[in-house]
Amino acid sequence: MDPAARERITLVEVLERTAPFPVFTATLQAAVQRLESEGVSSLLSIQFHARPDDTEVGAVITFADSRQVMEHIRRISGWPEFKALLGVAKPVDVRVYGRLGEEAHAWLRTMNVVSKVFESPVAGFVR
């Protein structure tokens, strides 16, 4: 298996939107914009998917490796954009694909939303 693929960490999240769609999307866009300019270097991509007529939101977040996941969490925890995001959406379910460090796992467990961890990559590649 490609070593780069083995190191990837992907979080697949389901959130419940708790604010009107326009408020949610404006808040989300501000948070993502800050992440793009000031986020940790190993954050490769972040995508949110939602429909105006549904309160369920999907997110796919991919890191190049697990070493900066906890740094990511520490960094965004103090940002007003992410405090605002938690005011318009709440995590419902998180699935982890890849091997996170124990500190990051412990932090995720405090949210009580991790439904499954797929820790052992068996095949894959990264282009």
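Since we're looking at a predicted model, the values are computed, not measured.

**Q** Explanation requested: the pairing of strand β2 (residues 43–50) in the structure shown.
**A** Along a regular strand, successive side chains alternate from one face of the sheet to the other. Alignment of β2 against strand β3 (residues 56–63), held across seven bridges, turns out to be antiparallel. The residue bridging Gln 47 from the neighbouring strand is Val 60, located in β3. Count of turn residues in the β2/β3 antiparallel hairpin: five residues.

**Q** Would you mind showing me how to read unusual backbone geometry here?
**A** Backbone phi values are negative for most residues with the exception of glycine, while trans is the configuration of most peptide bonds. Not every positive phi belongs to a glycine, and Asn 112 is a case in point at roughly 55 degrees. Here Asn 112 shows up in the loop between α5 (102–110) and β5 (114–118). Residue classification places Asn 112 among the exposed residues on the basis of a relative accessible area of 71%.

**Q** Even after reading the chapter, I still don't get the pattern of salt bridges, so can you show me in this structure?
**A** Summed over all chains, the structure comprises 10 salt bridges. For Glu 81, the salt bridge identified is with Arg 34, shortest N-O distance 2.9 Å. One end of the pair, Glu 81, is in helix α4 (residues 80–88); the other, Arg 34, is in helix α2 (residues 21–38), and 47 residues separate them in sequence. Taking relative accessible area as the criterion, Glu 81 reaches 22% and is therefore assigned partly exposed. The class for Arg 34 is buried, based on a relative accessible area of 18%.

**Q** Sorry if this is basic, but what is going on with the packing of α2 against α4 here?
**A** Geometry of a packed helix pair, given as the angle between the helix axes and the separation of the axes. Two numbers describe how α2 lies on α4: the axes approach to 9 Å, and their chain directions differ by 150 degrees. Between α2 and α4, the interaxial angle falls into the category roughly antiparallel. Considering the relative orientation of α2 and α4, their crossing is left-handed. Taking contact as the criterion, the partners of Val 23, Phe 24, Thr 27, Leu 28, Ala 30, Ala 31, Arg 34 and Leu 35 in α2 are, on α4, Pro 80, Glu 81, Phe 82, Ala 84, Leu 85 and Val 88.

Rules of the game
Sequence order as written defines the numbering, with residues in each chain counted from 1. The predicted nature of this model means local features are confined to residues of pLDDT at least 70 and side-chain atom pairs, given and counted, to a pLDDT of 80 or more, with totals for whole chains, interfaces and linings taken over all residues. Computation of side-chain values: all heavy atoms of the structure, hydrogens and water removed. DSSP bridges decide pairing: two strands pair if at least two such bridges lie between them. Numbering goes from the N terminus for both helices and strands, where a helix is a DSSP run of H or I of at least four residues and a strand is a run of E of at least two. Think of it in three bands: with a 1.4 Å probe and only protein chains considered, a residue is buried below 20% of the maximum accessible area for its type, exposed above 50%, and partly exposed in between. A side-chain nitrogen of Lys or Arg and a carboxyl oxygen of Asp or Glu constitute a salt bridge if their distance falls within 4 Å. Inter-axis angles, ranging from 0 to 180 degrees, are taken between N-to-C directions of lines fitted to C-alpha atoms, where helices are fitted over the stretch in contact. Relative orientations are named as follows: roughly parallel for angles under 35 degrees, roughly antiparallel for angles over 145 degrees, roughly perpendicular for angles from 65 to 115 degrees, and oblique for any other angle. Two helices crossing with the near one rotated counterclockwise from the far one by less than a right angle form a left-handed crossing, whereas a clockwise rotation gives a right-handed crossing. Throughout, a residue-residue contact means that at least one pair of heavy atoms, one from each residue, lies within 4.5 Å.

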